Amino acid sequence: MKLSLQHKLAALAERLDELDRLLAQETTALDMDLYRRLTREHADISPIVMLFRRWQKIADDVAYAQTMLADDDMKALAEQELREGRLQLADTELALQTALLPKDPNDERNIFLEIRAGTGGDESALFAGDLLRMYVRYAERQGWKTELISESSSELGGYKEVVIKIIGRGAYSRLKFESGGHRVQRVPETEAQGRIHTSACTVAIMPEADEVSEVALNPAELRIDTFRASGAGGQHINKTDSAVRITHLPTGIVVECQDDRSQHKNKAQAMSVLAARIKAAQMREQADKEAATRKSLVGSGDRSERIRTYNFPQGRMTDHRINLTLYKLDAIMDGDLTALMDALATEHQAEQLAAMGEA
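Criteria and cut-off values
- The residue numbers shown here count from 1 along each chain, following its written sequence.
- Only residues with pLDDT of at least 70 get local features here, since the model is predicted, and only at 80 or more are side-chain atom pairs given and counted; chain-wide, interface and lining totals rely on the full set of residues.
- Note that water and hydrogens are dropped before the side-chain values are worked out from all heavy atoms of the structure.
- At least two bridges found by DSSP between two strands are what make those strands a pair.
- Only DSSP runs of H or I covering at least 4 residues are called helices, and only runs of E covering at least 2 are called strands; the numbering of each starts at the N terminus.
- Where helices are involved, their axes are fitted lines through C-alpha atoms of the stretch in contact, as for all axes, and angles between N-to-C directions lie from 0 to 180°.
- Burial here depends on accessible area, computed with a 1.4 Å probe over protein chains only, as a share of the maximum for the residue type. Under 20% is buried, over 50% is exposed, and the range in between is partly exposed.
- Our angle categories are set so that under 35 degrees counts as roughly parallel, over 145 as roughly antiparallel, 65 to 115 as roughly perpendicular, and the remainder as oblique.
- If you view the pair so one helix is near and one far, a crossing is left-handed when the near helix is turned anticlockwise from the far one by less than a right angle, and right-handed when it is turned clockwise.
- In what follows, a contact means two residues having at least one pair of non-hydrogen atoms within 4.5 Å.
- Only the six-membered ring of Trp is used, alongside the rings of Phe and Tyr, when aromatic pairs are assigned; centres must lie within 6.5 Å, and planes under 30 degrees apart are stacked while those over 60 apart are edge-to-face, with the rest tilted.
- Throughout, nonpolar core names a set of buried Ala, Val, Leu, Ile, Met, Phe, Trp, Tyr and Cys residues whose side chains join them through atoms within 4.5 Å.
- In the sections that follow, a salt bridge refers to a side-chain nitrogen of Lys or Arg positioned within 4 Å of a carboxyl oxygen of Asp or Glu.

Caption draft 1: Representation of the sheet that holds strand S7 (residues 243-248). In spatial order, the strands read S6-S7-S8; together these 3 strands make up an open sheet with antiparallel pairing. In this open sheet, the two edge strands, each paired with only one partner strand, are strand S6 (222-227) and strand S8 (253-257). Averaged over all pairs of adjacent strands, the angle between their axes in this sheet comes to 15 degrees, without regard to strand direction. In the sheet, S7 pairs with S8 via 5 bridges, with the strands oriented antiparallel. Counted as the bridge partner of Arg245 is Glu256 from S8.

Caption draft 2: Expanded view of the pairing of S8. Of the two faces of S8, the one lined by Ile253, Val255 and Cys257 is fully buried and the one lined by Val254 and Glu256 carries no buried residue. Between the antiparallel neighbours S7 and S8 lie 4 residues, among them Gly252 with a positive phi of about 80 degrees.

Caption draft 3: Summary view of the packing of helix H1 (residues 3-24) against helix H3 (residues 32-68). At their nearest, the axes of H1 and H3 sit 8 Å apart, and the two run at 135 degrees to each other. Considering the angle they form, H1 stands oblique to H3. For the element pair H1 and H3, the recorded crossing hand is left-handed. Residues Gln6, Leu9, Ala10, Leu12, Ala13, Arg15, Leu16, Asp17, Leu19, Asp20, Leu22 and Leu23 of H1 pack against Tyr35, Leu38, Thr39, Glu41, His42, Ile45, Ser46, Ile48, Val49, Phe52, Arg53 and Trp55 of H3.

Caption draft 4: Geometry of the packing of aromatic side chains. With the rule as written, the count across this model stands at 3 aromatic pairs. On the numbers, 5.3 Å between centres and 65 degrees between planes, the contact of Phe127 with Tyr310 is edge-to-face. Here Phe127, found in helix H5 (residues 121-142), pairs with Tyr310, found in strand S9 (residues 308-311); they are 183 residues apart in sequence, far enough to count as distant. Its relative accessible area of 0% is what places Tyr310 among the buried residues.

Caption draft 5: Structural context of the nonpolar core. Counting 37 residues, the largest nonpolar core has Ile115, Leu131, Tyr135, Ile166 and Leu175 as the members making the most contacts within it. Residues in contact with Leu175, not counting those within four places in the same chain, are Ile111, Tyr135, Tyr138, Trp144, Ile166, Ile205 and Met341.

Caption draft 6: Looking closely at the pattern of salt bridges. This model, assessed by the stated rule, comprises 22 salt bridges. The salt bridge partner of Arg116 is Glu161, with a shortest N-O separation of 3.4 Å. One end of the pair, Arg116, is in strand S1 (residues 111-117); the other, Glu161, is in strand S3 (residues 159-167), with 45 residues separating them in the sequence. Residue classification places Glu161 among the partly exposed positions, given a relative accessible area of 24%. Where Arg308 meets Glu178, a salt bridge forms, and the shortest distance between an N and an O atom there is 2.7 Å. You can see Arg308 sitting in strand S9 and its partner Glu178 sitting in the loop between helix H6 (171-175) and strand S4 (180-186), a full 130 residues away along the chain. For the pair shown, Arg308 and Glu178 are each scored as buried. Within the structure, one salt-bridge network assembled from shared partners comprises Arg133, Arg137, Glu140, Arg141 and Asp334.

In structure tokens:
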């Protein structure tokens, strides 16, 4: 094991000891936010430290077996223990590296799944419907809930575009590799001469975003002007500087309010309107980012931009990213995606481990 990795694991072991001491203190339990944060951290690193301590014990046993090789009476036993110990060391080191891989902060989130018909006309729309059923059936197998968010149906059935929400723990972690072009090869129901057609759909998987946080208005970023109300409103309004104009300097948003005789009430109303406008701007910015993410995920929907091919005449599904072909297309279209999802996750993990080894 690399020395840098050993140092990192040793630091985690020290942190676990520190957490044990902190959680044993009565004062910690009085602050529930702190207590929850510490117990969560304790739960996260405990399994890693346990693996590290196991690795240390195996390493000590291997070192002791190495010294036994000089004893002729113990040499055979020592060689056997060395072989077994080195295998256990390698397995435990791999488990440690896997446990240390960075976690995707979105993995536990719900998702929005969008399917759009691409090239292929009506057949593409029909295939979009088949893909929707496949994902809904998979969600049912996982015990997740699905909600239809929006749909644009085609004339012959299927969808030009459909968006669903999948609600369930780990939905993003299991389905995040589905974004991209999905190609289908089959004989359409509308094909009289039995010719195989190729069509394509695009799929986008987007984690459910946090709600836009409540707007915090910094007084230093506001310019507040008062002025005399104009127009109808009564003699009192026209004679006093009861109207309020607030300018949010970072965004340039300007709000005026002169509906009330009270400058205080006008200011409160203007602040409320300003907060709403800033929040709306934040939501638009968030939607733009999600749209950019979706565009980068799915490409244009052209047949050549594909991650997977569903070949119905041959009953096979091929994922081109990992060169995986499964000859159980009927089961896959019925939501049996476990083998595929496991293979994609394993490949992703292997890439992460390779990157860790190069670091």
